[in-house]
Amino acid sequence: MSILSSRRARTAVVAVAAGALALAGCSNGDSGGGKDKSKSKNKEEAAAQSAAVKMGTAQDSTGPAEEVTGARPGGTIQVYEEDDFSHLDPGQIYVSDAGLLSKLIFRGLTTYKEDDKGALTVVGDLATDPGKVSDGGRTWTYTLKDGIKDETGHVIGSADIRHTFERLYDPFITDGPSFIQQWLSGTGTTYRKAYAGPFKGKHLPDTVLATPDDKTVVFHFKDAQPDLPQALAMAGYSVVPEKTDTKAKYDTKPVAVGPYKISEFKAGKSVKLVKNTAWDPKSDPMRHQYVDGFTIDINHDDEDQTKTILADRGDARNAIMMTGQVATTQVQKVVSDAAAMKRTIQGYAPYVWQMNFNMDRIKDKKIRDAITYAMPSTAVYKADGGAYGGEVANSLMSPTTPGYQKDYDPFDRAKHPNGDIAKAKKLIEEAGAKGKKIVYAYSNIPVRQQQAVLIENALTKIGLDVQKKEVDAATWYEQVGKVDNGYDIYMTGWGQDWSSASTVFPPLYDGKQIQDGASNYSHINDDHVNSEIQRILKITDNAEATKAWTALNQYISEKANPAAPIYYTKTFQIAGTNVGGLRYSTVTSYTDPTRVFLKS
């Protein structure tokens, strides 16, 4: 999600990430002015991504992966990134930049195979299949493939899988997913009280997580968990071999199990990947090792990335974007150039960018409603790529999420896509909040800076005194993820981790999950919401559960309003002319890095 989780969304990602002030006013089209000669992705295409994934067989789980047409070996892929990777430790990965990198260097029990239409099948990765279920869905058994090694030559065994999950209970792990820990040991933050981690020599009881032999792993859950194979495919559950685990230091020097390994890491500057010679393609159902390596250079914003790759000179001919987007100022230039469009990919990403209200500080719902009505959604998404970067959000649910309702519009976005200042101003007056100081935190990347000006102007018009606080993008989610963060409002992007609203509402709105590093950014703690989340999570019928999540979305929006939906995101990326194998991935919401190659 999530991966842009994204909390998995983090830069042009986190699903995200322009003069934005000028751009928003100079165009009579969507981004960049004029009429686009190409179509951006729409909600109908997004709806296709809400389909349930298929469960693969043992045969589907074998390697090697299906060859990419025209692929040849050799060369180095150049990657330009805006920000440093938030984490390299799999257990800490929950945003898109590191999630993409994980596809190249890590492996977990399961993964996804994706066809050219974006249809997904869950298959075994380190395991021989997506899992064998028993006991009414409460017990899942995995058998490991033979002889899979990490970069040191160590053969991955069941003890490594057990260690991978046990270390997630240790206090130093704060930023990764917590689905499986909660399913095993308790909802919200209570799982941390059940077990303190493996570094003091103790293990989870066999009644929770068992390893009866070197190749078998058994998960025992209190309730049925039909989505376990999808959860296990998340980057945050990739294997961390026990012998080479350095705890907090692992975040700067992880051990690879995938086709590439880190040969050089310069924090804030660059990451270099080379082939992992211990990787065996015969064991891997979805990854390739066509190129010799990847050179990832940090500190290139979307404008720089787009202009450099569009110019197509030198290393840029071999370049791809990871979480970068075609810059707003360059969209029209790209879509008007047929040759340039041939080296782009597009997709409807699963992220909702929303303005979170710190409900510990903004306790009056009228103020939260006023800010929601005031949000200049059209101007904000135009600053992030126009029609190719996003569109106005009518709901806290994304069009890619099962249960999304395109006609559900509690804040009248259809009639006022750029905000209803008059209505918002009236609510501020009713609340007696005219002149109230609002601390607005935003990331220090260009698109967020430009959006901040637009949002500040709107909130000033309704009578609020906006105090802007700029935050380093590299630690954005860590900062706003603190319970005592000192901010009133702040934007985050969140997308489903798999095709279910169960990966949206529990992490974002369950009051029992409030803690530093968790994703309940608004600190909502509503008894009805909390109880409904637990009730719905126990529903095993997908259609019934989807209906219940939809109803809960309406309650949260209308009765609590912890966050203002602003815009849905789309992906629009460009690569160099020498790059082959380009494809939008519905798993990562960006270019699929596991299949690219160099044509010459």
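Summary of the structure given here. (Residues numbered from 1 in each chain as written. Predicted model: local features only at pLDDT ≥ 70, side-chain atom pairs only at ≥ 80, totals over all residues. Heavy atoms only, no water.)

## Quick notes on the overall build of the protein
And then number 1: In terms of helices and strands, the protein carries 18 helices and 20 strands.
And then number 2: Each principal axis of the C-alpha distribution contributes one length, and for the protein these read about 65 × 55 × 40 Å.
And then number 3: Buried positions account for 63% of the 600 residues belonging to the protein.
And then number 4: Accessible surface for the protein amounts to roughly 21,900 Å². Of this, 48% is attributable to carbon and sulfur atoms.
And then number 5: Averaging the locations of the 72 positively and 74 negatively charged side chains of the protein gives two centres separated by 2 Å. (Helix = DSSP H or I, 4+ residues; strand = E, 2+ residues; numbered from the N terminus. Buried < 20%, exposed > 50% of the residue type's maximum accessible area, 1.4 Å probe, protein only. Areas by Shrake-Rupley, 256 points an atom, 1.4 Å probe, with all protein chains shown as cover. Lys, Arg positive; Asp, Glu negative; His and termini not counted. Charge placed at Lys NZ, Arg CZ, Asp CG, Glu CD.)

## Remarks on the sheet that holds strand β11 (residues 293-297)
And then number 1: The strand order β9-β10-β11-β2-β12 describes an open sheet built from five strands, whose pairing is mixed. The sheet is open, and its two borders are formed by β9 (260-266) and β12 (319-321), each paired with just one other strand. Between one strand axis and the next, the sheet turns through 25° on average, direction left out of account.
And then number 2: Alignment of strand β2 (residues 76-80) against β12, held across three bridges, turns out to be parallel. By the bridge assignment, Tyr-80 is partnered in β12 with Met-321.
And then number 3: Packed onto the sheet, helix α3 (residues 96-105) meets β9, β10 (270-275) and β11 and runs at close to 135° relative to β9.
And then number 4: Helix α8 (residues 302-311) contacts β2 and β12 of the sheet and is inclined by roughly 145° relative to β12. (Pairing = 2+ DSSP bridges. Axes fitted to C-alpha atoms, helices over the stretch in contact; angles between N-to-C directions. Contact = heavy atoms within 4.5 Å.)

## Here we look at the sheet that holds strand β17 (residues 489-495)
Strand-to-strand pairing in sheets goes through backbone hydrogen bonds, with the strands running parallel or antiparallel.
And then number 1: What the six strands build is an open sheet, ordered β14-β18-β13-β17-β15-β16; its pairing is mixed. The open sheet has two edge strands with one neighbour each: β14 (390-392) and β16 (465-471). Each adjacent strand pair in this sheet contributes to an overall mean axis angle of 30°, direction not counted.
And then number 2: Bridge count for β14 against strand β18 (residues 563-574) is three bridges, and the pairing is antiparallel. The residue bridging Glu-391 from the neighbouring strand is Tyr-568, located in β18.
And then number 3: Lying on the sheet, helix α14 (residues 446-461) is in contact with β13 (344-357), β15 (437-443), β16, β17 and β18; it crosses β15 at an angle near 165°.

## With respect to the nonpolar core
And then number 1: Membership of the largest hydrophobic core comes to 109 residues, with the highest contact counts inside it found for Phe-165, Ile-180, Phe-219 and Leu-459.
And then number 2: Leaving out residues up to four positions away in the same chain, Phe-219 has contacts with Leu-109, Arg-138, Thr-139, Trp-140, Tyr-142, Phe-165, Ile-180, Leu-184, Val-208, Leu-209, Leu-228 and Leu-232.
And then number 3: The next biggest cluster of nonpolar side chains, apart from the first, holds 32 residues, and it includes Ile-320, Ile-345, Tyr-590 and Leu-598. (Core = buried A, V, L, I, M, F, W, Y, C linked by side-chain atoms within 4.5 Å.)

## Some thoughts on α3
And then number 1: With 10 of 10 residues buried, α3 lies mostly within the body of the structure.
And then number 2: If you check which residues of α3 are buried, you get Ser-96, Asp-97, Ala-98, Gly-99, Leu-100, Leu-101, Ser-102, Lys-103, Leu-104 and Ile-105.
And then number 3: On its buried face, α3 is in contact with β3 (110-114), β9, β10, β11 and β13.

## Looking at the pattern of salt bridges
Note on pairing: side chains with opposite charge can pair once their charged atoms come close.
And then number 1: Under the criterion given, the structure shown has 21 salt bridges.
And then number 2: Taking the shortest distance from any N to any O, the salt bridge between Arg-167 and Asp-89 comes out at 2.9 Å. In this pair, Arg-167 sits in the loop between α4 (158-166) and α5 (179-185) while Asp-89 sits in the loop between β2 and α3, placing the two residues 78 residues apart along the sequence.
And then number 3: Residue Arg-167 is classed as buried on the basis of its relative accessible area of 0%.
And then number 4: A salt bridge links Asp-146 to Lys-215, with the nearest nitrogen and oxygen atoms 2.0 Å apart. One end of the pair, Asp-146, is in the loop between β6 (139-143) and α4; the other, Lys-215, is in the loop between β7 (209-213) and β8 (216-220), with 69 residues separating them in the sequence.
And then number 5: Relative accessible area serves as the criterion here: at 62%, Asp-146 is assigned to the exposed category.
And then number 6: Through salt bridges with shared partners, one network takes in Arg-107, Asp-125, Asp-284 and Arg-287. (Salt bridge = Lys/Arg side-chain N within 4 Å of Asp/Glu carboxyl O.)

## Quick word on unusual backbone geometry
And then number 1: For the peptide bond that leads from Gly-63 to Pro-64, omega is 0°, which places it in the cis range.
And then number 2: Structurally, Pro-64 can be placed in the loop between β1 (54-55) and β2.
And then number 3: The phi dihedral of Asp-312 falls on the positive side, at around 60°, and the residue is not glycine.
And then number 4: Structurally, Asp-312 can be placed in the loop between α8 and β12.

## Here's the deal with the packing of helix α11 (residues 365-374) against helix α13 (residues 421-430)
And then number 1: Running from amino to carboxyl end, α11 crosses α13 at an angle of 165°, the nearest separation of the two axes being 8 Å. It follows that α11 is roughly antiparallel to α13 by the angle criterion. The way α11 lies across α13 gives a crossing that is left-handed. In this structure, α11 uses Lys-366, Ile-367, Asp-369, Ala-370, Tyr-373 and Ala-374 to contact α13, whose residues at the interface are Ile-421, Lys-423, Ala-424, Leu-427, Ile-428 and Glu-430. (Parallel < 35°, antiparallel > 145°, perpendicular 65-115°, else oblique. Left-handed = near helix turned anticlockwise from the far one by under 90°.)

## Digging into the pairing of β3
And then number 1: With four of five residues buried, β3 is to be regarded as a mostly interior element.
And then number 2: Across five bridges, β3 lies against strand β4 (residues 120-124) in antiparallel orientation. When the sheet's bridge partners are listed, Lys-113 is paired in β4 with Thr-121.

## Here's the deal with the packing of aromatic side chains
And then number 1: For the structure on display, the rule yields 23 aromatic pairs.
And then number 2: Taking the centre distance of 6.5 Å and the plane angle of 15° together, the rings of Trp-140 and Tyr-142 count as stacked.
And then number 3: Using a relative accessible area of 7% as the deciding quantity, one classes Trp-140 as buried.
And then number 4: Ring geometry for Tyr-404 against Tyr-568: centres 6.0 Å apart, planes inclined by 85°, an arrangement best described as edge-to-face. Of this pair, Tyr-404 sits in the loop between β14 and α13 while Tyr-568 sits in strand β18, and the two are 164 residues apart along the sequence.
And then number 5: Note on Tyr-404: relative accessible area 17%, which makes it buried.
And then number 6: Directly above the aromatic system of Tyr-250 lies the positively charged group of Arg-167, at a separation of 5.5 Å from the ring centroid.
And then number 7: Taking the ring centre of Phe-199 as reference, the NZ or CZ of Lys-247 above it sits at 4.7 Å. (Phe/Tyr/Trp six-rings, centres within 6.5 Å; stacked < 30°, edge-to-face > 60°. Lys NZ or Arg CZ within 6 Å of the ring centre and 35° of its normal.)

That is the geometry; function is a separate question.
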